[in-house]
Each structure stands twice: as structure tokens, then as C-alpha cells.
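Letter by letter, the chains look like this.
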Protein chains: 2
Amino acid sequence: MTSTEPQAQQSGVRPTKQRLAVAAALEATAGFHSAQEIHEQLGGSVGLATVYRTLTMLADAGDVDMMRNEDGEAIYRRCSGTHHHHLVCRSCGHTVEVEGPAVERWTNAIAAEHGYADVSHTLEIFGTCRDCR
Amino acid sequence: MTSTEPQAQQSGVRPTKQRLAVAAALEATAGFHSAQEIHEQLGGSVGLATVYRTLTMLADAGDVDMMRNEDGEAIYRRCSGTHHHHLVCRSCGHTVEVEGPAVERWTNAIAAEHGYADVSHTLEIFGTCRDCR
DNA sequence: ACACTTTTGACAATGGTTCTCATGCTGAGT
DNA sequence: ACTCAGCATGAGAACCATTGTCAAAAGTGT
Ligand SMILES: [Zn+2]
Ligand SMILES: [Zn+2]
Ligand SMILES: [Zn+2]
Ligand SMILES: [Zn+2]
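Here's a quick rundown of the structure. Here the residue numbers are simple positions, counted from 1 along each chain's written sequence. The order in which chains are written sets their letters, starting at A; the order in which ligands are written sets their numbers, starting at 1. Predicted model: local features are reported for residues with pLDDT of at least 70 only, side-chain atom pairs are reported and counted for 80 or more only, and whole-chain, interface and lining totals are derived from all residues. Just so you know, side-chain values use all the structure's heavy atoms and leave hydrogens and water out.

**Focus on the relation of the copies chain A and chain B**
- We place the copies in one frame by least squares, fitting the C-alpha atoms of every residue whose pLDDT is at least 70 in both. Overlay of chain A on chain B (RMSD 0.8 Å): rotation 180°, translation along the axis 0.1 Å. Both copies of the chain, as the preceding transformation shows, are related through a two-fold rotation axis.
- Any pair of residues with heavy atoms lying within 4.5 Å of one another is described as a contacting pair. When you check the interface residues of chain A against chain B, 100% turn up at the interface there too, and the contact is symmetric in its surfaces.

**Observations regarding the protein's contact with DNA strand C**
- Throughout this document, a residue counts as near a molecule or strand when at least one of its heavy atoms sits within 4 Å of that molecule or strand. In the vicinity of DNA strand C there are 20 residues, among which A:Tyr52, A:Ala74, B:Thr16, B:Arg19 and B:Arg53 approach most closely.
- Polar contact criterion, stated in full: a pair of N or O atoms within 3.5 Å, where within protein one must be able to donate a hydrogen and the other to accept it, and residues adjacent in sequence count only if both atoms are side-chain atoms. Interatomic distance of 2.8 Å between a backbone N/O atom of A:Ala74 and a phosphate oxygen of DNA strand C.
- At a separation of 2.7 Å, a base nitrogen of DNA strand C approaches a polar side-chain atom of B:Arg53.
- If you list the elements that add at least two residues to the surface near DNA strand C, you get helix H3 (48-60) of chain A together with helix H1 (17-28) and helix H3 (48-60) of chain B.
- Here the surface near DNA strand C is built from residues that sort into six nonpolar, eight polar and six charged. Runs of H or I in DSSP of at least four residues are treated as helices and runs of E of at least two as strands, each being numbered from the N terminus. When residues are grouped by polarity, Ala, Val, Leu, Ile, Met, Phe, Trp, Tyr, Cys and Pro land in nonpolar, Asp, Glu, Lys and Arg in charged, and all others, Gly among them, in polar.

**Notes on the protein's contact with DNA strand D**
- A:Thr16, A:Arg19, A:Arg53, B:Tyr52 and B:Ala74 are the nearest of the 19 residues found near DNA strand D.
- Here a sugar or linking oxygen of DNA strand D and a side-chain polar atom of B:Gln36 are 3.3 Å apart.
- Of all the secondary structure elements, the ones that give two or more residues to the surface near DNA strand D are helix H1 (17-28) and H3 of chain A together with H3 of chain B.
- Counted by class, the surface near DNA strand D contains seven nonpolar, seven polar and five charged residues.

**A word on the packing of aromatic side chains**
- Pairing of aromatic side chains requires ring centres within 6.5 Å, counting the rings of Phe and Tyr and the six-membered ring of Trp. Pairs whose planes differ by under 30 degrees are stacked, by over 60 edge-to-face, and all others tilted. By the definition in use, this model includes zero aromatic pairs over all chains.
- Criterion for a charge above a ring: Arg CZ or Lys NZ at most 6 Å from the ring centre, at most 35 degrees from the ring normal. The ring of A:Phe32 carries the charged tip of A:Arg77 above its face, separated from the ring centre by 5.9 Å.

**With respect to the pairing of strand S3 (residues 74-78) of chain B**
Residue and element names in this part refer to chain B.
- Two strands are counted as paired when DSSP detects at least two bridges linking them. As judged from the two bridges shared by strand S1 (residues 33-34) and S3, these two strands associate in the antiparallel manner. By the bridge assignment, His 33 is partnered in S3 with Tyr 76.
- Of the strand pairs in this sheet, strand S2 (residues 64-68) and S3 are connected by five bridges, and their pairing is antiparallel. Looking at the pairing, Val 64 lines up with Arg 78 of S3.

**Digging into the interface of chain A and chain B**
- Listed as interface residues are 38 residues of chain A and, on the opposing side, 38 residues of chain B.
- Taking both partners together, chain A and chain B bury about 3,000 Å²; carbon and sulfur atoms supply 61% of that area.
- A carboxyl oxygen of Asp or Glu within 4 Å of a side-chain nitrogen of Lys or Arg is what we treat as a salt bridge. Applying the counting criterion to the chain A and chain B interface returns zero salt bridges.
- For the pair chain A and chain B, the number of links is 16 residue pairs in polar contact (both at pLDDT 80 or more). What counts as buried area is the accessible surface, traced by a 1.4 Å probe, that two parts surrender upon association, with contributions from both included.

**Quick look at the sheet that holds strand S1 (residues 33-34) of chain A**
Residues and elements named next belong to chain A.
- Within the open sheet, the three strands sit side by side as S1-S3-S2. Their pairing is antiparallel. Of all the strands in the sheet, just S1 and strand S2 (64-68) have a single pairing partner and so form its edges.
- Angles shown run from 0 to 180 degrees and are taken between the N-to-C directions of axes, each axis being a line fitted to C-alpha atoms and, for helices, limited to the stretch in contact. Along the sheet face, H3 touches S2 and strand S3 (74-78) and points at about 110° away from the line of S2.

**Quick look at the coordination of the zinc ion (ligand 3)**
All names here are of chain B.
- Protein-derived coordination of the zinc ion (ligand 3) comes from Cys 89 (SG), Cys 92 (SG), Cys 129 (SG) and Cys 132 (SG), at a distance range of 2.1 to 2.5 Å.
- Here the donor residues of the zinc ion (ligand 3) are spaced in sequence according to C-x2-C-x36-C-x2-C.
- Note on Cys 129: relative accessible area 5%, which makes it buried.
- The buried label applies to any residue whose accessible area, calculated with a 1.4 Å probe on protein chains only, is under 20% of its type's maximum; exposed applies above 50%, and partly exposed to all values in between. For Cys 132, a relative accessible area of 28% gives the class partly exposed. In this listing, donors mean N, O and S atoms no farther than 2.8 Å from the metal, or 3.2 Å for Na, K and Ca; water is missing from the atoms, so a site can look incomplete.

Honestly, that's just the spatial picture; any functional story needs more than this.
Given below as C-alpha cells:
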């Protein structure tokens, strides 16, 4: 390995102002938001295609959480890095992050019991919050 | 009350041949299928719109289970009437219905604890089955 | 057969998401 | 600071699952 070899020029994920804007928008707002909502919230200053691309990247990188609402639309939210689930208000969207060791244990046990490996799961809880009652 | 009064003529959900065909298609095949797949499986003998309408009805009536694949598309499957969840193989799609009283209890408790009412939830477990390992 | 309601299906219309590609920027090297 | 290759952007087209429209077809009770 020649020491002169440049570090392969690692492609690059550039911190462009658009990407920063999308990330900031997620920081600024609570709850889950669709790509279109973020696009609007930014006053259209960031192209819709770019918003979609950025959100997909962030989600793949694990920096944001992506889930689907009941209509199957993708919605995103800045989340803590640890594994958790959501309790979402059907009416106002207010979201609470919840953890459930019991559930994690249960899913793993059930999966193992049936011979399934590489287990993952999705769990979302929907309801109507106090303020919307 | 005049005896001539017809019993309110209760509209009716007619067991048309199209509806029966869709239901039969679900019976015949294992695993989850999209509306379009069912439409094709029926050789287009049942209009796509009708397939969609029928599946929606069946799902609302609780006769079939609807979930969304990772692309957000709706997929349906004939299921037992009781509330349950699925353990799905990412590779071959083989599905196992699982029940988890503990999970049900946990979600309700968590929701109540945070003041949420009318609670519902979605929980799917993904993994690789023994045959696909 | 008649009057009336439900259902169907071809096709149009929606709407979220992705693709295209010409143009804009960035950044490393000079 | 200047250059150039390549990543990034965005306007709009393209996709595609799903829903809406509505006239024709089928079913129901009399
Ligand atoms: Zn609420
Ligand atoms: Zn979990
Ligand atoms: Zn399998
Ligand atoms: Zn459950």
C-alpha cells in the first residue's frame, strides 16, 4: 500500500445549504411531517425533489425516523438514536416516543420460536390525545 | 304501524359473483397480495375498481387483514377474525400469525398513561425464515 | 314486466414519489 | 484566486397505486 495513495477521494456527502435547511426544519418542528409539508415550511426554497432525496438519505443514515401514516404516505421525524416506538395522535399528530423492553423481548422470542432470524419490527400506536378529546 | 310497511327494505350487501371471486382468490392463495395482483390473478374478469372496492369492504368488515409493504402499498390477506400480528419472511414472504396478549396490554397501558384514547396499533415482525437461511 | 336500488367497469382524475437532465456549486489541486 | 470534474439542484415530466365518475348492467320485491 503506497503511502502516497490519496484516501480514495471518498465520494462525498456535501453539507449543502439545502440539506442543512431540511435537517433544520426537522429539528425545529415536533412530530412527524411529510416531505411536502417540509417543502412548504421552507417556503419552497428547497426543491421538492431535493427534499425527498434528502429525507431518504437522512432516513437511510438513521438520522431521522420514517414511518407511514394510515394512508401509506411517508412521514419523517428527528428522533433520538435509540430504538423506540411512537404513540401518535390521529387528530393533531402530537407524538410521544415510547420504549418497551417487553415488546422487544417478545418479538425476538416469537421470531426465534418460529425459526426466523435477522428480526426487525415496526410498531406504532395511534390514539386521540387529551387535547383532542 | 301499517302492516304493509316493508321492513325498511334494508339495503343490502349483495354477494355478487365479483365479490365472491375476490374472496375466493384470497382463500386460494397464501400470503399477502395487492389489489392489482388479485385483479390479474382473476384474469381481469373483475374490474380493478371493483377489486379495490371489495377489498376495502372486506378489510373494513374485518374479514381480511390489510397491511402495507415497505413501499407503502396496501396488501391483503385472508386472516382469522381475531386480532393478531404477523411474522413475515423478508425473502419468501412466508407468514405466521402471532398473538401477543402482553403486547396488547402494553400498548393500552402506555396509551392510557399518556392520556390517549381510542387506541389502535400496528405491529409487524420481519425476519428470514429457516428455509431462506 | 315494472320501478327502483345496488353494482360494475372503462376511463378520467388524483396525488405522492421518483426520474430526467440541463444548469449550478463545491472543493481539491494548482 | 482559477480550473475542472463531479456531486447537487430543481422544474417539470413520468410513474403508478388508488379513487372518483357515471352510464350501463344486474338484482330485488311487487
Ligand atoms: Zn391530539
Ligand atoms: Zn421495538
Ligand atoms: Zn422464507
Ligand atoms: Zn395487537
